[in-house]
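# Observations on the model geometry
Here's the letter readout for the chains.
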Amino acid sequence: MRRARDEQDQSAALDRILQLGLGFAVSKVLFSAVRLGLFTELATRPLPYEELRDRLGLHPRAARDFLDTLVALDLLERGPEGYGNTPVTARYLVRDRATYLGGFLEMTDLRLYGFWGTLLDGLRTGEPQNEIRHGGDFFETLYQDPVRRSEFLRAMTGLSMRSAHALADTVDWSAHRVVADVGCAEGGTLGQILLRHPHLRGTGYDLESVRDDFEHRAERFGLTDRLTFTAGDFFTDPLPRADALLLGHILHDWDLPTKRMLLRKAYEALPPGGVVIVYETLIDDDRRTNLTGLLMSLNMLVETTGGFDYTGAECRRWMAEAGFTSSGVRHLAGPESMVVGRK
Ligand SMILES: C[S@@+](CC[C@H](N)C(=O)[O-])C[C@H]1O[C@@H](n2cnc3c(N)ncnc32)[C@H](O)[C@@H]1O
């Protein structure tokens, strides 16, 4: 009896190893579906097999396996009317919906997928594997190409969207008037917060080259009267003054001295009682369970010269060193949590 159970366990573990080994294939199936606009084609209703195949321009040899793989992955439903979105893909993978996450997946396919191909080099050398593999500054290099810049900034909106909703809903904004987002990208997070809290004004702070993308999105939000852009470089300039400062997926881009410098600058920019809100895929304190946080940290190895993700306990320690009198960690959404520090 026990032997039979051991054999079953072993066989399940072997299946898992096989599936992990084929993880790259799963990623590519998902990326292809997003880039083909499959979930967007199904936005209003399910479609019969032939019609869907023809609309997507798929070869008959490939189409059935491709679509049924997505069914097996719980990313499509198949019923009498054909193939349709699941509630999750309808919400997150249909383009032009406010909840679209696909921008992050598109960027992951176009950039990260290739860069992770030389992970082994990164593991051995500690050097980035992306556009700055042979030197240069990451953001300066990336932003030289306007298409890649916009694609990256859109990806940030997708990555942060669920946390943006959670921040808007769970933080007590009533005590604040002005909130600034440091390294705001397109301003998607700030926009979601301001839409829900009409008494707030917001400043997006980022490099000058981000201005057009930010202002375009502020217009789409209908928030140009309350949401403005301030160009700045947080290495050389002070941070904008505000009652609340957001640092979303910023600290993980940089080495420890820069993380500390940014928290010190945040402290200086806040009035007494002001708060800094750091949010990321924080790694659990025991570094065992938040797989996305650990993978994100390896992604910082691939993408940056010194960046790494970290635990809530580490961040609270750096906040205390910067002068913040109290701090606490709270879960936001999925793998993401925030650390709130009060001056
Ligand atoms: C990983 S993205 C995070 C975007 C956004 N906060 C989010 O969570 O979706 C990092 C952002 O920091 C900005 N950034 C990089 N270097 C900067 C600098 N020296 N000064 C100001 N912003 C900078 C980038 O342009 C980018 O928008």
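The name an unreviewed UniProt entry assigns to the protein chain is Methyltransferase, from the organism Streptomyces eurocidicus.

Taken from the UniProt record, the annotation "domain: O-methyltransferase C-terminal" (unreviewed entry) applies to residues 116-324. Regarding residues 116-324, the helix share stands at 46% and the strand share at 13%, and the terminal C-alpha atoms are separated by 37 Å.

Within the chain, Asp 96 stands out as a residue other than glycine whose phi angle is a positive 75°. Its location among the elements puts Asp 96 in the loop between α6 (87-92) and α7 (102-115). Of note in this structure, Ala 185 is not a glycine but carries a positive phi near 55°. Relative to the helices and strands, Ala 185 is located in the loop between β3 (178-182) and α11 (188-196).

Turning our eyes to something else, we now look at the packing of α7 against helix α10 (residues 146-170). Packed helices, taken two at a time, are described by their axes: the angle between them and the distance between them. Running from N to C, α7 and α10 cross one another at 130°; their axes reach a closest spacing of 7 Å. Taken as axis vectors, α7 and α10 run oblique relative to one another. Pair α7 / α10 crosses with left-handed handedness. From α7, Gly 103, Phe 104, Met 107, Leu 110 and Arg 111 reach across to α10, where they touch Arg 148, Glu 151, Phe 152, Ala 155, Met 156 and Leu 159. Among the residues making up the contact of α7 with α10, the classes are represented as seven nonpolar, one polar and three charged.

What tends to happen in soluble globular proteins is that the nonpolar side chains get buried as a cluster. If you look at the biggest cluster of nonpolar residues, it comprises 99 residues, and the most contacted ones within it are Leu 38 and Leu 245. Looking at which element gives the most residues to this core, the answer is α10, with nine residues. A domain-level breakdown of this core finds at least three residues from each of domain 1 (1-93) and domain 2 (137-342). Setting aside chain neighbours within four positions, we find Leu 38 in contact with Ala 33, Leu 52, Leu 56, Phe 66, Leu 67, Leu 70 and Leu 76.

What counts and how
- Residues numbered from 1 in each chain as written.
- Predicted model: local features only at pLDDT ≥ 70, side-chain atom pairs only at ≥ 80, totals over all residues.
- Heavy atoms only, no water.
- UniProt positions renumbered as here; feature names shortened; annotations may be inferred.
- Helix = DSSP H or I, 4+ residues; strand = E, 2+ residues; numbered from the N terminus.
- Axes fitted to C-alpha atoms, helices over the stretch in contact; angles between N-to-C directions.
- Parallel < 35°, antiparallel > 145°, perpendicular 65-115°, else oblique.
- Left-handed = near helix turned anticlockwise from the far one by under 90°.
- Contact = heavy atoms within 4.5 Å.
- Nonpolar A, V, L, I, M, F, W, Y, C, P; charged D, E, K, R; others polar.
- Core = buried A, V, L, I, M, F, W, Y, C linked by side-chain atoms within 4.5 Å.
- Buried < 20%, exposed > 50% of the residue type's maximum accessible area, 1.4 Å probe, protein only.
- Domains from an automatic or database assignment.

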